[in-house]
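Spelled out from the first residue to the last, the chains are:
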Amino acid sequence: MIVASWLAASLAGAVCAQAQQYAMQGVPPPDEYAKTHSTAVLHLSKPATTYAANCAGCHGHSGRSVSEIPTLVDRVGYFARISDGRAYLAQVPNVAMSAIGDDDLAEMLNWLLKTYSAAELPPDFKDYTGAEVAQLRKVSIIPRIRRNEVIQALYAAGQIPSASSLAWDTP
C-alpha cells in the first residue's frame, strides 16, 4: 500500500513537471494515446481552432452537415466573387454577432474560404481585414432574404451556373 501510494505520488509529480515543461515551451502536451501508439497529434491553426469552436457544431468539421445548414465545401467561395456576397459572409448573424474579435474573425473567414472553397474564389481574391469585418458586421440582415438576393446577383453577373447551384437545401 505504501509503495503504491509512493508510486502514484511520483507519477503525479512527473506528470505535473512534464506539463509545466510543455507550458513553458508554449506548446500543448501530446495526447497520451498518441505518445504510446506513435501517432502524431494534429495541432490546429488559430483560425481552424476558431472555426472548430464556433462554426463546426453546425457546419461540420469538414464543411458539410445536415441539409438545414448550408454546405461550405465547393460553394462558399462563390459568395466572395461579388462585393454583396463578400459582405453577406460577414453579416450572417452567427458570424456578425459572435464574440470573436474582428481580426480573428477576418483570419477565420480567410481560412474557411481557402480551406473549403479555394477553387470557387475569384482570381483576385483579397483577404478580409479586421477593419473590413468590423464595418461589415455592423449591418443587420435577414439571412434567407439576403442570401437569395446575393445568389440572384451572382447568377445575373454570370458567376454561378444557375441560381439553384447555391440553393439552401431544406426539407
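Summary of the structure given here. Nothing here was measured: the structure is a model prediction, and the numbers come from that model. (Residues numbered from 1 in each chain as written. Predicted model: local features only at pLDDT ≥ 70, side-chain atom pairs only at ≥ 80, totals over all residues. Heavy atoms only, no water.)

### Details of the pattern of salt bridges
Step number 1: Evaluated as defined, the whole model comprises 6 salt bridges.
Step number 2: Notably, a salt bridge pairs arginine 86 with glutamate 132, separated by 2.7 Å at the nearest N-O pair. On the criterion of sequence distance, the pair formed by arginine 86 in helix α6 (residues 83-91) and glutamate 132 in helix α9 (residues 130-136) is long-range, its members being 46 residues apart.
Step number 3: Arginine 86 sits in the buried class, given a relative accessible area of 14%.
Step number 4: The salt bridge partner of lysine 114 is aspartate 127, with a shortest N-O separation of 2.6 Å. Of the two residues, lysine 114 is situated in helix α8 (residues 102-116) and aspartate 127 in the loop between α8 and α9; the sequence distance between them amounts to 13 residues.
Step number 5: With relative accessibility at 41%, the residue lysine 114 sits in the partly exposed group.
Step number 6: Among the charged side chains, a salt-bridge network with shared partners connects Asp84, Arg146 and Glu149. (Salt bridge = Lys/Arg side-chain N within 4 Å of Asp/Glu carboxyl O. Helix = DSSP H or I, 4+ residues; strand = E, 2+ residues; numbered from the N terminus. Buried < 20%, exposed > 50% of the residue type's maximum accessible area, 1.4 Å probe, protein only.)

### Brief notes about the side chain of glutamate 120
Step number 1: Of note, glutamate 120 is situated in the loop between α8 and α9.
Step number 2: Put simply, glutamate 120 is tucked away with no salt bridge, and the nearest opposite charge, on arginine 81, sits 6.5 Å away.
Step number 3: At 2.7 Å, the side chain of glutamate 120 forms a polar contact with the side chain of serine 117.
Step number 4: Aside from chain neighbours lying at most four places away, what touches glutamate 120 is Asp74, Arg75, Gly77, Tyr78 and Arg81. (Lys, Arg positive; Asp, Glu negative; His and termini not counted. Polar contact = N/O pair within 3.5 Å; in protein donor to acceptor, adjacent residues only side chain to side chain. Contact = heavy atoms within 4.5 Å.)

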